[in-house]
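# Commentary on secondary and tertiary structure
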Amino acid sequence: MSNQRPRIVLVGAGGYGRLYVERMAQCDYGADLTAICDIDPHLADRIPIIREQSIPVYPSLEAFFANDTADLAVLVSPVHFHTDMVLLCLAHGLNVLCEKPLCLTTQEAETMRAAAQKAGRFLSIGYQIDYRRDVLALKQDILAGRFGAPKRIAVYHGFRRGANYYARNDWAGHITCHGREVFDSPFTNACAHHFQMLTFLLGPTMRTACDITGVQAELYRGNPNVENYDVAALRFKIAGDTPILYYTAHPIRTEYWGPVGVMEFEKATITYTGEKPVFHGVMADGTPFDYDAVAPGGDMQKLVDAITATVTGEPPICGVEADLPHIHAVRLVQQNPITPIRPELVEQVEQDGDCFYFVKNLEETLADCARHWALPGELGIKLG
């Protein structure tokens, strides 16, 4: 492209997309937010900065393309709209940063990847942890063989979610929405980042993630008003039969639960904590190491990298190849039965203007499973 600043169209600004609006208003990332697409006709009333900066709001991408164009599209729409929107943007010559999850089938992902190649544009995905420079430094060391082959991994991670969370749209907590698959769950959506990070770290190249070869799953529903599962205990297998155990839940008392992770390799054990992961390790000979000296980058590094890629033509690190195993994993998990949690284990609580369903001792139960590298049923724990 020319030396002009890239022009950005943001699709969806009512939820997480609002963060993009606010950050681009507060910081100069070297690009301009020149248009927004959103179905809410009162969006500028709810987000005054849109009117203050005279950013036009279109009711659809089709309406936008009938009047304008851009260099980069940032899609923050529901997953069941992603494929059509990505393909439309690529057909109009835009690069795309699409928030996760990209889609729910590997076929759709491959279709989008092929369309991006044909258009000569990139399609990047908003798994923000992948863009962290400390994560990339760790991945480089794994690829270089510093730690040897992975042996086993266990991570637990959850967010407390109540009625307000599920009422914010028509797809939260659902398996389908208006006849289209959405598979919304903590594993698919809110707590997807850290599992995807694990597959990314173990990928055979810097831009790919490791293949998933199988899964054992225990899926539970603690909130009786949710269609899909809201508690999951999962054991995935990757190449070499290495297990990745992942525990995630919404009906918990702890507002932010974990993430806490242990990654065992042949030559080292690496632990991490925090939504913004902090990695510490010990080599087999007892030598400690960490990645504290690596500046991770900004909170919107995914956007910064997408803008840079729009200028340079070098695609961002997290593309379709980095997401395919998670897309596959989501569908594998969804094929398993969902068991309602026994009513005597569930407590309904009104708190902070919201209504929550809490499963008694769920955090402690799943953390104990992680310590034993086991699923609840394997320890004789009967949740359902």
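Shown above is the structure to which this text applies.
A short tour of the structure in this document, coming up.

## A look at the overall build of the protein
Check the secondary structure of the protein and you find 12 helices and 19 strands. Taking 384 residues into account, the globule formula puts the C-alpha radius of gyration at 21 Å, and the protein, at 21 Å, falls close to it. Here the protein holds 384 residues, and 54% of them are scored as buried. Sequence separation of 24 or more characterises 70% of the internal contacts of the protein that already satisfy a separation of 6 or more. When the accessible surface of the protein is summed, it comes to about 16100 Å², and 51% of that surface belongs to carbon and sulfur atoms. Treating the 33 positive side-chain charges of the protein as one cloud and the 46 negative ones as another, the clouds have centres 2 Å apart.

## Section: the pairing of strand S4 (residues 72-75)
Side-chain alternation along S4 places Leu-72 and Val-74 on one buried face and Ala-73 and Leu-75 on a second face that is also buried. Note that strand S1 (residues 7-11) and S4 share 4 bridges and pair parallel. Looking across to S4, one finds that Leu-10 is bridged to Val-74. Note that S4 and strand S5 (residues 95-98) share 4 bridges and pair parallel. Within S5, the position partnered with Ala-73 by the bridge is Val-96. With helix H5 (residues 79-91) bridging S4 and the parallel S5, this β-α-β connection has right-handed handedness.

## Side note on the nonpolar core
Counting 110 residues, the largest nonpolar core has Phe-147, Phe-187, Met-263 and Leu-303 as the members making the most contacts within it. Discounting residues that sit within four places of it in the chain, Phe-147 has contacts with Leu-138, Asp-141, Ile-142, Phe-265, Glu-266, Lys-267, Ala-268, Ile-270, Met-283, Phe-289 and Tyr-291.

## Concerning the layout of surface pockets
In this structure, the second largest pocket encloses a volume near 430 Å³. In this structure, the second largest pocket is lined by 24 residues; those nearest its centre are Ala-116, Arg-121, Phe-122, Leu-123 and Pro-315. Elements with a contribution of two residues or more to the lining of the second largest pocket: helix H6 (106-119), strand S6 (123-125), helix H10 (301-312) and helix H11 (320-334). The element contributing the most residues to the lining of the second largest pocket is H6, with 3 residues. Within the lining of the second largest pocket, the residues separate by chemical class into 11 nonpolar, 8 polar and 5 charged.

Reading the values: the criteria
- Here the residue index of a chain counts from 1 through its sequence in written order.
- Residues qualify for local features only when their pLDDT is at least 70, as the model is predicted, and side-chain atom pairs are given and counted only at 80 or more; totals for whole chains, interfaces and linings, by contrast, use all residues.
- Side-chain calculation: all heavy atoms of the structure are included, whereas hydrogens and water are not.
- To qualify as a helix, a DSSP run of H or I must reach at least 4 residues; to qualify as a strand, a run of E must reach at least 2; elements of each kind are numbered from the N terminus.
- The reference for a compact globule is 2.2 Å times residues^0.38; the radius of gyration itself is calculated from the C-alpha atoms.
- The rule is simple: take the accessible area with a 1.4 Å probe, protein chains only, and divide by the maximum for that residue type; under 20% is buried, over 50% is exposed, in between is partly exposed.
- Residues count as neighbours in contact if any of their non-hydrogen atoms are within 4.5 Å of one another.
- Method for areas: the Shrake-Rupley scheme with a 1.4 Å probe, in which residue coverage is limited to the protein chains shown.
- Asp and Glu are treated as the negative residues and Lys and Arg as the positive ones, with His and the ends of the chain left uncounted.
- Where a charge lies is defined by one atom per residue type, namely NZ (Lys), CZ (Arg), CG (Asp) and CD (Glu).
- The rule for pairing is simple: two strands pair if DSSP sees at least two bridges between them.
- When the strands point away from the viewer and the path from the first strand over the helix to the second turns clockwise, the crossover is right-handed.
- The definition of a nonpolar core used throughout is a set of buried Ala, Val, Leu, Ile, Met, Phe, Trp, Tyr and Cys residues joined through side-chain atoms within 4.5 Å.
- Grid spacing is 1 Å over the protein atoms alone, the probe is 1.4 Å, and a cavity is where that probe fits but cannot get out, while a pocket is an open set with protein on both sides within 12 Å along at least five of seven lines and lining residues have an atom within 4 Å of a point.
- Grid points are joined across faces, edges and corners, and a volume is the space filled by probe spheres set on the points.
- The nonpolar class holds Ala, Val, Leu, Ile, Met, Phe, Trp, Tyr, Cys and Pro. Asp, Glu, Lys and Arg form the charged class, and all remaining residues, Gly among them, are polar.

Distances and angles like these do not, on their own, reveal function.
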